[in-house]
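# Analysis of the macromolecular model
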Amino acid sequence: MKKVSLVLLSTILLSACVSKKKYVALEHENGEIKSALTKTQFEKEELETKFAKIEARVEAYNTKINTLTAENDVKMETVGDVAVISNETKKHMRNTLTKVDQNKLRQASTLKDSMNLAVSYNLQKSLDNSTLNEDDDIAIDIDETVVMISISDKLLFNTASYRISSKANSILQKLANVINSEPSIEVMVEGHTDSRSISTDKIADNWDLSVLRATSVVRALQNKYNVAPEKLIASGRSSYLPVAGNDTKEDRSKNRRTRIVILPNINKFFALMASNE
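As the structure is a prediction and not an experimental result, all values here were calculated from the model. (Residues numbered from 1 in each chain as written. Predicted model: local features only at pLDDT ≥ 70, side-chain atom pairs only at ≥ 80, totals over all residues. Heavy atoms only, no water.)

## Focus: the pattern of salt bridges
- By the definition in use, this model includes five salt bridges.
- The residue Arg213 makes a salt bridge to Asp153 at a minimum N-O spacing of 2.2 Å. Here Arg213, found in helix H6 (residues 206-223), pairs with Asp153, found in the loop between strand S4 (146-152) and helix H5 (169-181); they are 60 residues apart in sequence, far enough to count as distant. Across this residue pair, the class does not change: Arg213 and Asp153 are buried.
- Where Arg256 meets Asp194, a salt bridge forms, and the shortest distance between an N and an O atom there is 2.8 Å. Taken together, the residues span a long stretch of sequence, with Arg256 in the loop between helix H7 (249-255) and strand S7 (257-264) and Asp194 in the loop between strand S5 (185-192) and H6 at a distance of 62 residues.
- For Arg256, a relative accessible area of 26% corresponds to the partly exposed category.
- Beyond isolated ion pairs, a larger network of salt bridges with shared partners links Glu190, Arg237 and Arg259. (Salt bridge = Lys/Arg side-chain N within 4 Å of Asp/Glu carboxyl O. Helix = DSSP H or I, 4+ residues; strand = E, 2+ residues; numbered from the N terminus. Buried < 20%, exposed > 50% of the residue type's maximum accessible area, 1.4 Å probe, protein only.)

## Some words on the nonpolar core
- The biggest cluster of nonpolar side chains holds 27 residues, and the ones touching the most others in it are Ile149, Leu156, Leu172, Val189 and Leu221.
- Within the residue set of this core, elements represented by two or more residues are strand S3 (138-143), S4, H5, S5, H6 and S7.
- The element contributing the most residues to this core is H5, with six residues.
- Setting aside chain neighbours within four positions, we find Val189 in contact with Ala214, Val217, Val218, Leu221, Ile233, Ala234, Ser235, Thr258, Arg259 and Ile260.
- Core analysis: the second largest hydrophobic core is formed by five residues, Leu97, Val100, Ala108 and Leu117 among them. (Core = buried A, V, L, I, M, F, W, Y, C linked by side-chain atoms within 4.5 Å. Contact = heavy atoms within 4.5 Å.)

## Some words on the pairing of strand S6 (residues 232-236)
- Examined bridge by bridge, S5 and S6 share five bridges and lie parallel to one another. In the sheet register, Glu190 faces S6, and the bridge partner there is Ser235.
- Once you follow S5 into H6 and on to S6, the crossover reads as right-handed. (Pairing = 2+ DSSP bridges. Right-handed = clockwise from strand over helix to strand, strands pointing away.)

## Notes on the pairing of S7
- Most of S7 is tucked away: seven of the eight residues are buried.
- With six bridges joining them, S4 and S7 adopt antiparallel strand pairing. Looking at S7, one finds that Ile151 is bridged to Thr258.
- For S5 and S7, the ladder comprises eight bridges, and the chain directions are antiparallel. Opposite Ile185, over in S7, you have Pro264 as the bridge partner.

## Thoughts on H5
- For H5, built from 13 residues, the straight-helix expectation of 18 Å at 1.5 Å per residue is met to within 8% by its first-to-last C-alpha distance of 18 Å.
- Within H5, the full set of buried residues consists of Ile171, Leu172, Leu175, Ala176, Val178 and Ile179. Across the axial projection of H5, the buried residues extend over an arc of 160°, all falling on one side. (Expected span 1.5 Å × (residues − 1). Arc of directions from axis to C-beta.)

## Quick notes on H6
- With 18 residues, H6 extends 25 Å from end C-alpha to end C-alpha; this agrees with the ideal 26 Å at 1.5 Å per step.
- When we look at burial in H6, the residues that qualify are Asn206, Leu209, Ser210, Arg213, Ala214, Thr215, Ser216, Val217, Val218, Ala220 and Leu221.
- Turning to H6, the residues buried within the fold contact H5, S5, S6 and S7.
- Capping the start of H6 is the job of one residue whose side-chain oxygen sits 3.2 Å from the backbone nitrogen of Trp207: Asp205. (Polar contact = N/O pair within 3.5 Å; in protein donor to acceptor, adjacent residues only side chain to side chain.)

Structural data, given as structure tokens:
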């Protein structure tokens, strides 16, 4: 009987020992799980912080890209020694080039050539709409990005005078219509004489006469035909830029002229052209 009791007690004690080991093992396992969970939460928070920083950087890059794209539209580019144009202007220019003579376009090898073609096309269109027709006393030439209208002095002035004659009304009105139709252009009025010298109480020499004739045209355009004065430039070239010899009456007549040089602001010009399409 005593033996049986000892065996039973040993069994109970052994059983209790095994349960305690399992408990300790489970507790240890639970601790490891909690530790792993804490580590995982920490790593999650760390990843979330990194992700937030990445998102912020992406947003900053997108903002920069959008800004650069906007700036790129107005980025200025030098075209030879002629002008400075923006990318937005080039877009309008390419649109204009679809309308010009394609044979001429094929001969354009540079951006400057293309720009000249586009500006020439639009300015010529403006002149065609103005009824400013050419005859023997009016010559219209387009040289690169400027339009030059040469008007014989007999249409504007009396001989050796700088006062505008009544015959000039029609041509100056047509000229003013062209200038006023394009807010983007400036106009330089150049006076030219023949080589014969002149000296009077009011006119010192050919320099004086050429400048006085230019200022007379400028004043008429401003005061009589409502051309904005800030668009006008008066200059005189005397007899030093002849288009013919000075040995015959006919050639001297060709040299006595007023040249109107239309100078477009390229960026504003194409912006206006686009707004009118």
